[in-house]
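# Overview (structure and organization)
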Amino acid sequence: MDLAVGSIVEGKVTGITKFGAFVALPEGKSGMVHISEVAASFVNDIKDFLQEGQQVKVKIINIDQAGRINLSIKKAQPREPRQERTGGYVPRQPRPAGPRGRAPQAPKDPAAMSFEDKLKAFMSDSESRQADVRHAADRKNGSRRRR
């Protein structure tokens, strides 16, 4: 069996360190699995995932010029299908009338608005929000603006 980058082979864990595990491969060779390549989740202690003498499937991810073989356990496992996000995004509701008594304007259909109209609406909303934040910060700090 030829050990080539991208191939998946079975090996035996021969040693465990803080930064990874050494795995004995076919043909009398050995490689190292870095701690970041052990599992898809965060690995704080590699001994929670591997034990010496354990048989593992590994993928050869790199063979450098010195002949060292870098391995990955997580890339040797079949990918789990991604779950689509459900919910998460909640459309923003119009803001209630602010302390200055301004009621929010009813949003127009964005598809029918020109770029200039969209920019004008954004700037107006942004300035209103910044004024509200400044007003709240002034009240919170106990300072008053002098005119």
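Just so it is clear, the model here is predicted, and its values are computed rather than measured.

### Observations concerning the overall build of the chain
In terms of regular secondary structure, the chain is built from one helix and five strands. Beginning at the N terminus, the succession of helices and strands in the chain can be written as β-β-β-β-β-α. Across the 147 residues in the chain, those meeting the buried criterion constitute 22%. Partitioning the contacts of the chain with sequence separation of at least 6, the portion at a separation of at least 24 is 51%. Taken as a whole, the chain presents about 12,200 Å² of accessible surface, with 51% of it coming from carbon and sulfur.

### Structural notes on the pattern of salt bridges
Using the criterion set out here, one finds two salt bridges in the structure. Salt-bridge contacts for Asp 64 lead to Arg 68; the nearest nitrogen and oxygen are separated by 2.8 Å. Given a relative accessible area of 24%, Asp 64 falls into the partly exposed group. In this structure, Arg 129 and Asp 125 form a salt bridge, with 3.0 Å as the shortest nitrogen-oxygen distance. With Arg 129 and Asp 125 both in helix 1 (residues 115-141), this residue pair falls four residues apart, about one helical turn. Given the relative accessible area of 26%, Arg 129 is considered partly exposed.

### Considerations on helix 1
Between the first and last C-alpha of helix 1 there are 38 Å, a value that for 27 residues agrees with the 39 Å anticipated at 1.5 Å per step. Taken together, the buried positions of helix 1 are Ser 128, Ala 131 and Asp 132. Positive phi shows up at Gly 142, right after helix 1, with a value of about 80°.

The rules behind the values
Residues numbered from 1 in each chain as written. Predicted model: local features only at pLDDT ≥ 70, side-chain atom pairs only at ≥ 80, totals over all residues. Heavy atoms only, no water. Helix = DSSP H or I, 4+ residues; strand = E, 2+ residues; numbered from the N terminus. Buried < 20%, exposed > 50% of the residue type's maximum accessible area, 1.4 Å probe, protein only. Contact = heavy atoms within 4.5 Å. Areas by Shrake-Rupley, 256 points an atom, 1.4 Å probe, with all protein chains shown as cover. Salt bridge = Lys/Arg side-chain N within 4 Å of Asp/Glu carboxyl O. Expected span 1.5 Å × (residues − 1).

Bear in mind that shape data such as this cannot, by itself, settle questions of function.
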